[in-house]
Amino acid sequence: MNPLLPSEYLALVFASVLGAGTWLSWKSSIKMRPGLRVLVTALRIISIACLAVIAFNPGNWKSPGEQKKKEIAILVDRSRSMDVKDSGASSRWAEACRLASRTTEFLKKPDCIESRTYPFAEGLEKSAETVSDLGGLKPDGTGTGILKSCSMLLEKYRGSERQLSAIVLLSDGRNTCAGDLKETTLALRSEDVKVHAVAIGGYVPLKNLSVILPRRHYTAFPGQSVKITPKVAAMNTGPLQVDLTLSDPGGKDIETRKLSLEDNSSGTVEFRINFEKPGYFSYRLTARSALEESNGSDNHMDFHVSVLEKKLKIIYIEGMPYWDSKFLAQLLRQDSNIELTTVHRLSSERYYSVGTDTSRTEESSQPIFPDSIGELLAYDAVIIGKGAEYFLNAFRVTLLKEYIRDHGGAVLFARGRPAESEVPGLDSIEPAVWGETIRTDFYWEPTPDGEETGLFGDLLPGRADPIWKELPPLTSALQVVELKTFAKVLAVGIPSSQIGASRISFPCVISRKYGKGIVMTVNSEGLWKWDFFPVSEKAQKFYREFWIQAILWMARHSDYMPGQDYSLRLGKRNLMPCEPLMISVSRRRGNDGTAKLPLVKVFDGDKEVKQTPLSENAGSGDSFSALVTMDFPGDYTVALVTEKGCRIAREAFSVGRLPLEKDNLSADVKFLETLVSETAGRMLEEKNLDEIFHDELKETAAGAESSMAVWDPHWDTWTVLALMLLVLCADIYLRRRSGLS
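Residues numbered from 1 in each chain as written. Predicted model: local features only at pLDDT ≥ 70, side-chain atom pairs only at ≥ 80, totals over all residues. Heavy atoms only, no water.

**Some thoughts on the nonpolar core**
In terms of nonpolar packing, the biggest core is built from 79 residues, with Phe 303, Trp 444, Phe 546 and Trp 547 touching the most fellow members. Top element by residues in this core is helix 13 (residues 537-557). It accounts for 11 residues. Not counting chain neighbours up to four residues away, the residues in contact with Trp 547 comprise Leu 328, Leu 331, Leu 412, Ala 414, Val 522 and Leu 527. Formed by 26 residues, the second largest nonpolar core is a distinct cluster that contains Ile 317, Ala 419, Leu 426 and Val 519. (Core = buried A, V, L, I, M, F, W, Y, C linked by side-chain atoms within 4.5 Å. Buried < 20%, exposed > 50% of the residue type's maximum accessible area, 1.4 Å probe, protein only. Helix = DSSP H or I, 4+ residues; strand = E, 2+ residues; numbered from the N terminus. Contact = heavy atoms within 4.5 Å.)

Spelled out as structure tokens, the structure:
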């Protein structure tokens, strides 16, 4: 028994309750017929006895092992990758069968737990009666579902009379079927099931040819050419001749470049595409060769170009005109895709403004600068040279902050530190804290961040390009004491005397994401020399190329493209089938919020394949989101589409196919190690197989014997409880019928 109270106290209590209950029942039924009076009193005694049975709680102690027998499951991988012969002269499958046989023999020892062997491929299969039954199977499964098989095994044992103690996994670890590692290991831990694994197989060289493009979306002006610099990488192919072809959406080849690649090398080519009119254009790059590979999904890459419909409106503020400001203003004014307004300070009481039409000028004794957010939003970008203190005050800096942070504006500090004296709040916008002036000849060199963001190495020459040493040296910059939050150094200055030696560098091009907008500082003076003293035609063109591409890069990295009131951002650009894609949309503040929201539509080429409405994010009137999943591999475009069918913002993404068995035949030991460590199991080898199993299984068996016993009461059955309830109901019924309470 396992009584609620010590037995001696409980016996005394129930003896008293029984005596009092019997006496009260007899006295209260004095008006009843003698036979019925005896029956009612007897029922009361039986009712009290039923309560006593529950209180004394008779039964037996049972360990969990007595309730369910423990069992080890041996999972044997029979997918196609197990047909590889890298385990001596035999295949991985033969090796797995041999190890399964040895494991089963060891587990047949009297003091070990029983085992059951399951082959698996895409999922768990019927258990083999004996290990020799595996010999009738072949390693021809079209997929490897390690995680799926573990989940199926857990589900199988939940409804079984046996308890799953551990899993012994014999596989190369190349999981090719869908499954969530975190979710599966969590389920295994919750059932206290360890996974022990033997990694079968080794490295098999993978032949692969791939096209790599730094960016998938480019921005351009009408009449401008866009430079595309794809890289083709060859791995384990040997010497290879490759044709890289640029084609339009209809599959028509536009241009082909030839590359000669050595084994395990890569090559970069350059395409230039001219655009005469605005619009959204799609292209594909395809690498063709004599190489036979099982997975050619990365042999092509789609990309898109947005050619701006409206001219870029820029205001350029200059308080201390010099050659840098004159050359830059002249360059921007000559560009037919830019509407430039320049404001110069000529003296302390004389300010001069020149609009897009140079015949329209304005002169004032007061600093000229937009004095409302509406006036500032008329411009897509603000360029500030030197002498900002002559134009800006605390109120105008507040407007500038709102313009960048809330409305996705772009601000370019074209000549380093914009103000010589303090302007309240301006330093909070700048990307760096400035130090002393550096006066020495130096050259620019792009940084890894500069290449990763796409400004250099894609739009502009990368670090390895010789043009950086061909340009006339610059002579003045500022030391950077500290970089602000979210600031990135895109290019550094290298003193001429240190080129090729141990170098000290300083930031020259710095960007900073600021709310929905972006800020960039060019921390160098004398860039005009690149245009005025060119050492080559390429160097002369670079001056224009740098400023135009920097401005377009800023427009692209702001939340809003020029002329657009909505921004579109994707959580990922490369995902797998059925993987959710988060789409984030924001609306420019000041936009008419009464207009109907655009729909999110997904296109495969020009064919619409899916659409979903936007949902407003909690606590925000201008932030929205949507979620889509794609079932099939392919290259897709997400677009915001208005009621009239206009596509106002677009982004591209790709859905890859699930890996196939022949895509990569190398064993994935890292995956097995992760699975094992997350379930507190062990990686096993044949030489210590018996020893480790002895320790592990002895521990499991001992745990079953020494685990806390569970009380199994005798009265806890439906028949006993039903009988107790019947007695109580009969007692109450007879008393009520006789008019007793």
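**What to know about the sheet that holds strand 18 (residues 350-354)**
Read from one edge of the open sheet, 11 strands run 19-18-17-16-20-21-26-25-24-22-23, paired in mixed fashion. Looking at the sheet topology across the chains shown, the edges are occupied by strand 19 (361-364) and strand 23 (474-483). With direction set aside, neighbouring strand axes in the sheet form an average angle of 20°. Here strand 16 (residues 312-318) pairs with strand 17 (residues 338-347) via seven bridges, running parallel. (Pairing = 2+ DSSP bridges. Axes fitted to C-alpha atoms, helices over the stretch in contact; angles between N-to-C directions.)

**Here we look at the sheet that holds strand 35 (residues 647-655)**
Reading across from one edge, 28-35-34-30-31 is the order of the five strands in this open sheet, with mixed pairing throughout. Two strands close off the open sheet at either side, each with one partner strand: strand 28 (574-575) and strand 31 (607-612). Here strand 34 (residues 634-641) pairs with strand 35 via eight bridges, running antiparallel. Within strand 35, the position partnered with Ala 639 by the bridge is Arg 650.

**A few points about the packing of aromatic side chains**
Per the counting criterion, the structure on display carries 21 aromatic pairs. Here Phe 456 and Trp 468 contribute two aromatic rings whose centre-to-centre distance is 5.7 Å and whose plane-to-plane angle is 65°, an arrangement assigned as edge-to-face. Here Phe 456 is found in the loop between helix 10 (448-452) and helix 11 (467-470), whereas its partner Trp 468 is found in helix 11, with 12 residues between them in sequence. Take Phe 456: its relative accessible area is 0%, and that puts it in the buried class. Their ring planes at 55° and their centres at 5.6 Å tell us that Trp 530 and Phe 542 sit as a pair that is tilted. Here Phe 542 lies in helix 13 and Trp 530 lies in helix 12 (residues 528-532), a separation of 12 residues in the sequence. Judged by relative accessible area, Phe 542 falls into the buried class, the value being 3%. Connected via pairs of aromatic rings, a cluster forms that spans Trp 444, Phe 456, Trp 468, Trp 530, Phe 542, Phe 546 and Trp 547. Positioned above the aromatic ring of Trp 323 is the side chain of Lys 326, whose terminal nitrogen or guanidinium carbon lies 5.2 Å from the ring centre. Taking the ring centre of Tyr 390 as reference, the NZ or CZ of Arg 345 above it sits at 3.7 Å. (Phe/Tyr/Trp six-rings, centres within 6.5 Å; stacked < 30°, edge-to-face > 60°. Lys NZ or Arg CZ within 6 Å of the ring centre and 35° of its normal.)

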